[in-house]
Amino acid sequence: MNKQPLEISINGDCYSLAVEPNRTLLELLREDLDLTGAKEGCGEGVCGGCTVLMDGKPVRSCLTLALEASGTHITTVEGLAQKGELDPLQQSFIEHGAVQCGFCTSGMLMAAKGLALNNPHAGNKEIRNAISGHICRCTGYTKIIEAVEAVVDRSLEKR
Amino acid sequence: MSNYAFIGKSMPRVDSRAKVTGEALFTADLRLPKMLTGKILRSPYPHARILNIDISEALRVPGVKAIVTGRDVIQRKWGVFGYTQDQQFLPADRVRFIGEEVAAVAAVDEDSAQRAIDCIRVDYEILEAVFDAMESLAPTAPLLHDNFPHNINVHVPINVGDVEKGFAESYYVREDTFTASEDSYFQGEPYAVVARFDTDNNLEIWMPNAGPHMKAKPLSNALGIPLNKIRVRKITIGGAFGGRSEIAPADLICALLARKIGRPVKIVYTREENSIATRQGHALITTIKTGVRQDGRVIARDVTCYMDGGAYSSTGPIAVSVPFLCMEQAYKMEHVRYNGYRIYTNKPPRGMIRIHGRAFACGVDTQLDMIGEHLGIDPVTMRLVNAREPGEFTNTKSHVASCAMKETITKAAEKSGWNDKWGKLPPLRGIGIGCNSVQTGFPMGIRGGSQAIIKLNEDGGATVISGVVDNGQGNDNMLVQIAAEELGIRTEDVQLVTADTEVTPSDPGAYSQVSTFIGGHAVKNAAENVRRQLFEIAAKTLNVKVDDLKARDRMIYVKDSPDTGIPLKKVVRMILAQGKSVSGQGDYWPKVDPKREWVKNPFGQMCGAFSFGTTVAEVEVDPETGKVTVLEVTAAQDVGFALNPLVLEGQFQGSIAMGGQGGILTEGHVWDGGSVLNPTQLEYKVPLACDMPKINTIIIESNDPEGPYGTKESGMSIAMSAAQAYAAAVSNAIGVYMTDFPLTPDKILEALQNKVESETPNQNEDVMEKALELIVPAV
Amino acid sequence: MRLPPFAYDRPRDLYEALELLNSYGKDCKVLAGGTDLLVRMKQGLVAPTHLVSLKALSELAEIKETGDGLQIGAAVKLSDILAYQPVQDHWPGLFEAVKAIGAPSIQHFSGTIGGNLCQDNRCQFYDQSKFFRAARQTCNKAGGSTCFAWKGGSDKCHSACQSDSAPILIAMDAKVVIKSKNETRTMPLEELYSSVGERPLTLADNEMLTEILVPAPTPGAGTAFEKLAYRSSIDYAMVSAGAFVQTEGGRTTRVRLVIGAVARGPLSIATVEKTLKNRPAGDQQAINEVAIDAMNTAAAFIANNMTQPVEYRTKMVSVIAKRALTRAAERAISQKGFLEAK
Ligand SMILES: Cc1cc2nc3c(=O)[nH]c(=O)nc-3n(C[C@H](O)[C@H](O)[C@H](O)COP(=O)(O)OP(=O)(O)OC[C@H]3O[C@@H](n4cnc5c(N)ncnc54)[C@H](O)[C@@H]3O)c2cc1C
Ligand code: FES
Ligand code: FES
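What you are looking at is a predicted structure, and each value in this text was computed from that prediction instead of being measured. (Residues numbered from 1 in each chain as written. Chains lettered and ligands numbered in written order. Predicted model: local features only at pLDDT ≥ 70, side-chain atom pairs only at ≥ 80, totals over all residues. Heavy atoms only, no water.)

**Brief notes about the overall build of chain C**
Along chain C, the regular secondary structure elements total 13 helices and 12 strands. Against the 2.2 N^0.38 benchmark of 20 Å for 342 residues, chain C shows a C-alpha radius of gyration of 20 Å, consistent with a compact globule. Dimensions of chain C, computed from C-alpha atoms along their principal axes, come out at roughly 60 × 50 × 35 Å. Across the 342 residues that make up chain C, the buried fraction comes to 61%. The long-range share in chain C, meaning contacts at least 24 apart out of those at least 6 apart in sequence, stands at 64%. Computed over 40 positive and 35 negative side-chain charges, the separation of the two mean positions in chain C equals 6 Å. (Helix = DSSP H or I, 4+ residues; strand = E, 2+ residues; numbered from the N terminus. Rg over C-alpha atoms; globule rule 2.2 N^0.38 Å. Buried < 20%, exposed > 50% of the residue type's maximum accessible area, 1.4 Å probe, protein only. Contact = heavy atoms within 4.5 Å. Lys, Arg positive; Asp, Glu negative; His and termini not counted. Charge placed at Lys NZ, Arg CZ, Asp CG, Glu CD.)

**Some remarks on the domain arrangement of chain C**
Residue and element names in this part refer to chain C. Domain boundaries in chain C define domain 1 (1-52) and domain 2 (64-118 + 160-335). Listed as interface residues are 12 residues of domain 1 and, on the opposing side, 13 residues of domain 2. Roughly 1,100 Å² of surface becomes buried between domain 1 and domain 2 when both sides are summed, with 65% attributable to carbon and sulfur atoms. Of all residues in domain 1, Leu18, Asn22 and Thr35 bury the most surface against domain 2, accounting for 38% of the area lost on that side. Across the contact surface, domain 1 and domain 2 share one salt bridge. (Domains from an automatic or database assignment. Buried area = accessible area lost by both parts, 1.4 Å probe. Salt bridge = Lys/Arg side-chain N within 4 Å of Asp/Glu carboxyl O.)

**Quick notes on the interface of chain C and chain A**
Contact residues are listed per partner, giving 30 residues for chain C and 33 residues for chain A. Buried area between chain C and chain A, both sides added, is near 2,600 Å², and the carbon and sulfur share of it is 55%. There are one salt bridge connecting chain C and chain A. In this structure, C:Arg2 and A:Glu27 form a salt bridge, with 3.0 Å as the shortest nitrogen-oxygen distance. At the boundary of chain C and chain A, one finds 13 residue pairs in polar contact (both at pLDDT 80 or more). When contributions to the side of chain C that touches chain A are tallied by element, the ones reaching two or more residues are β1 (7-9), α2 (37-42), β3 (50-53) and α6 (104-108) of chain C. Considering only residue class, the side of chain C that touches chain A consists of 17 nonpolar, eight polar and five charged. (Polar contact = N/O pair within 3.5 Å; in protein donor to acceptor, adjacent residues only side chain to side chain. Nonpolar A, V, L, I, M, F, W, Y, C, P; charged D, E, K, R; others polar.)

**Digging into the interface of chain A and chain B**
In this complex, chain A contributes 40 residues to the contact, which on the side of chain B involves 51 residues. Across the contact surface, chain A and chain B share five salt bridges. For the salt bridge of B:Asp29 with A:Lys39, the shortest nitrogen-to-oxygen distance reads 2.5 Å. Summed over the shared surface of chain A and chain B, the result is 21 residue pairs in polar contact (both at pLDDT 80 or more). Counting only elements with at least two residues in the side of chain A that touches chain B, the list comes to α1 (25-32), α2 (88-95), α3 (105-118) and α5 (142-158) of chain A. Within the side of chain A that touches chain B, the residues separate by chemical class into 15 nonpolar, 14 polar and 11 charged.

**Some remarks on the side chain of B:Asp365**
Its place among the elements puts B:Asp365 in helix α10 (residues 358-375). Beyond its immediate sequence surroundings of up to four residues, B:Asp365 is in contact with B:Tyr331, B:Arg383, B:Ile433, B:Gly434, B:Cys435 and B:Gln724.

**Regarding the site of ligand 1**
Close to ligand 1 lie 37 residues, the nearest being C:Val30, C:Gly33, C:Gly34, C:Thr35 and C:Thr112. More than one chain reaches ligand 1: its neighbouring residues belong to chains A and C. Interatomic distance of 2.6 Å between a side-chain N/O atom of C:Thr35 and an oxygen atom of ligand 1. C:Gln107 is positioned with one of its side-chain polar atoms (N or O) 2.9 Å from an oxygen atom of ligand 1. With the chains in place, 97% of the 970 Å² that ligand 1 exposes on its own is no longer accessible. Looking at the shell around ligand 1, the elements with two or more residues in it are β2 (28-31), α6, α7 (113-118) and β8 (208-215) of chain C. Per-element accounting of the shell around ligand 1 gives the leading share, four residues, to α7(C). (Near = heavy atom within 4 Å. Areas by Shrake-Rupley, 256 points an atom, 1.4 Å probe, with all protein chains shown as cover.)

**What to know about helix α3 (residues 110-119) of chain B**
Residues and elements named next belong to chain B. Along α3, the residues classified as buried are Ser112, Ala113, Ala116, Ile117 and Cys119. Along the axis of α3, the buried residues cluster in a sector spanning 160 degrees; they form a single face. Close packing links the buried residues of α3 with β1 (36-42), β2 (48-54), α2 (56-59), β3 (64-69), β5 (101-107) and β6 (121-126). Two to three positions downstream of the cap, the backbone nitrogen of Asp111 sits 3.3 Å from a side-chain oxygen, assigning the N-cap of α3 to Asp109. (Arc of directions from axis to C-beta.)

**Some points on the sheet that holds β8(C)**
All names here are of chain C. Spatial strand order, β4-β5-β8-β6-β7: five strands in an open sheet with antiparallel pairing. Only two strands of the sheet have a single neighbouring strand rather than two, namely β4 (63-66) and β7 (184-188). Averaged over all pairs of adjacent strands, the angle between strand axes in this sheet comes to 20 degrees, irrespective of strand direction. Of the pairings in the sheet, the one linking strand β6 (residues 175-179) to β8 comprises five bridges and is antiparallel in character. Bridge pairing in β8 links Lys179 to Met208. Strand contacts of helix α1 (residues 14-24): β6 and β8, with the helix running at about 125 degrees to β8, the strand carrying the most contacts. (Pairing = 2+ DSSP bridges. Axes fitted to C-alpha atoms, helices over the stretch in contact; angles between N-to-C directions.)

Pasting the structure below:
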């Protein structure tokens, strides 16, 4: 099938690419751009490992055509840290022991980031809801929730 | 104790930065030059003879580079044990489950590989299949393996004391049967393998594994090349939970493809393949007969367990034994008999999982509650009366050096408010307790010990070389903590070279909860060795005795005068200047009975230490839907010593999610013949964040005399006891002892309704309907 | 998991989109959020040669309150419905239903209401991989001639309509606007569903759903949506129910109950109106009666199309129906907005 042009911004870098219509955003990231932070844990929308931010909103990259992301800003886990400074969420995940095997981590972080961007005052219930579509087999979620809560708290303190 | 710099401290893990930035590479993330994509053709039949495989059309598919079938493998069956060799990877003659590997293709991309797979023609002669363990035992059932009569793969018989006599002496005896369907690991990461051969026929291979050395030897056998040519490389691993310990067919297939075409090959499993073609957990039928004294103390127990093992042995003898061992470790009994059978069926092979044998473990504890009710003894007392105590021997003659089982029970009960709740909760609320014990290590033959090497660099940094693997539980961090502590350097000064069979010495792997106890111990010993070398020079320089020295924060001090010291780096340089290296070796071999064997001689010291755990769960049941809401869970474990409380808590919490929340409430496979109907996380209900309860964790330290710093194992006995506690709590809430796991809402509702019906005199239908209405107003 | 090949169009306006649908015909599928369609394509259940993306059709992405009620473009994202204050205030049942769909990061920010209504039916023997299906006979829905979900087999497909938003929207008498290149028709939402498992929608190949019209809230009305699943997120419903109750002076004057996830289309329970009309709103005995009716009606349809047992799902229809009706009645009486009512 014929490739079609794709203009896309990923982690602040602009790309002009040509991709096949059946390429998913996840394949584009992982296979064409070597951004392997997003994981394919199921390929069917269930696990959450492939979650990225599209214009600040968490979406499943395994169920998004690369071409559908045309003209959008994509943020992957690789784009969370700014100039070597970890995002507060990343730092908090480390400090709270929210990372075990790490396979779910990038998806969790993106869901959490999406929440923090859209609802900086989110409480425990909203945090659970935001990550409810993300399966973690290692942590039992407690420390992930604590890690996100701590960042939300901090953003409150600053006010 | 508190004198440690890193040991016993909550510290974030060294591997987490790479994981939160997305830099950590898992197997599927690897990309090598000229790499091809591999795909596997699987049997659509549960049992069939392979008559012919025609690959001619597939070979013509553009982009296809290599195809392998049963003709490409050494005709030698694999088994974890000599007496369980029953599995030919890529069988040429016969397939025994839906999903078994039949052929594989390497091609330039996934689409071409899939097209070629679709073009392979296989002629099968369909054979009769059997899907149920009990049916499989029948004389008329098709035989899966010629040399295993009655489809019995393993029979573990254990008989200690005189059970019949024990029952005769008992005040009360009862027998109950407990069942559970198959459960699955659902590790975050689906299985994947990357393999490449160099021109000298050396294999480099990456895959999620629970011990690289346990992968390497069978690969060497299956490929017919020496062990030193097999290089299982370190890679980030997305979970194991008891899986991924032995060689998987995909490992060999990927290597065969890579060898055939001379290019690297990557195979990444779909979620479905991970569920149907890597080994998963057993279904169980367990009958437990227990006799007790009037005070609840168990005198005799007779257990018969049938495990549905699927088509091949895998870790069969271990799988059959472990549920029994956990029980005999946790609870005292005077007389005990066990007959454990693992039965072949035409389903994917099964193995050990974090809550392996849930029907067994939950059966033992549920029955204790049944007995307690009969005797008028509450569950906590029932457990205290029977709990293992330090210094005792298990029935199969393992000495239990350290044991704080009773403390886990009392602390968990206290924290959960047991006394205020037991028998006092409103209807449909329930509280339950479960206790278990897990072995730190299995008898592993020559792979039972671990060795480590440490070298110091001229700047005082250390490189630690160890076979220990990190599946996600934090083993890498554990090694760094130990090395930094012993050497007196900082954690950032420690570099790890681990889990790589080319360089790292042998290690038993993470499969049997021994990473700290054995692997960590070896690193500790190696570090002590290196430190001694440093101290000898430092002692001379400082004019003190070696024993007076102490290493901390990159300095070597005189113990009582912290101002007198010398930078560690300087000592290293002094040694190097003498033309010597600063490196050392250390090893650890657990004090187990080498003659102990799973089937032939299940007696003697099983492993170095045992962990003990108690969980209390409190639940609420919706009487109309049978749905369970878990309100609070309290878990207490005797871990020996807490190396890193932060990591431990995470292990406890994960164990509760997998063992209790998933393992008892929702998880189980549903079958249609030999087909798994729920191979993905959509229909196999692993727990989600929104459904998790509040969790309290209690760490109890019994300071094991053998464990490094007194450490044993973390989390496993919580997973098991959480399952038991959840089961007990649900039973308590609805007033019916539940015996078939998982306890999905449909089963709970049915139990509730049956209870109401049975409590209602049958002749009076009006009353019955009224009672039913109370439970399910709308029905 | 790979997607099969197809051609992709992103029309800039509705006219162009309808033009494309018209010329491609049955080989073409509308791509909204893709969270249903792309899974099916990966599993090899559908293989359209053309996908027509709704991404650029801003005219379908608008949600607004008009004098007649709520007008929701088919491509409005679920998250936009949830964020729309009037929905929270006046259509709590709709809010509950949309919130209950999957999980936020799966489809709330990419899935659309049109896609939710137009998603294909599901069955545990059909919504599986190619490999799974290749190991058995082809079923009715896949073009074969058997049904594994119906005891003893069937010449009909017994898949279930799993849309969470359909039951409540039908209960609220929502209408849909269907457009093709040459025609526009407006019809009650329930007529979108054919009750044919093999082809559950009544849309022609060249047609598209463009708008959903929800009647304005009337004083004394209440709505509620109830869903049963083993987990509180991700899962499709085992049983769901949408209820609308109109009261006057404390008595029920009009009521609708629609059961989801149990039949080939959303199942309207015809007898509710008869039983509940003129009874005091919230009359528990009457509601129980209706709930049993709903269960009996559903029992004829529930097939073994989910991993959860048929008997259990059947029983649960009464519970879920009762809860939806009760809550709708409560809201009708209290006349409180969603946030207070919760
Ligand atoms: C893990 C997972 C869990 C899920 N859980 C739920 C759940 O709990 N409840 C639920 O209801 N759904 C669930 N879904 C299904 C799906 O995500 C939602 O229904 C979603 O709302 C579909 O919207 P979409 O825009 O992504 O649809 P798409 O996938 O884009 O479209 C679905 C179908 O509708 C057609 N279509 C879309 N828009 C139009 C239109 N305007 N006119 C005509 N045809 C159109 C498409 O051609 C396609 O056939 C789940 C999906 C996944 C992957
Ligand atoms: S890979 Fe996309 S959700 Fe699992
Ligand atoms: S950390 Fe392993 S899956 Fe979440």
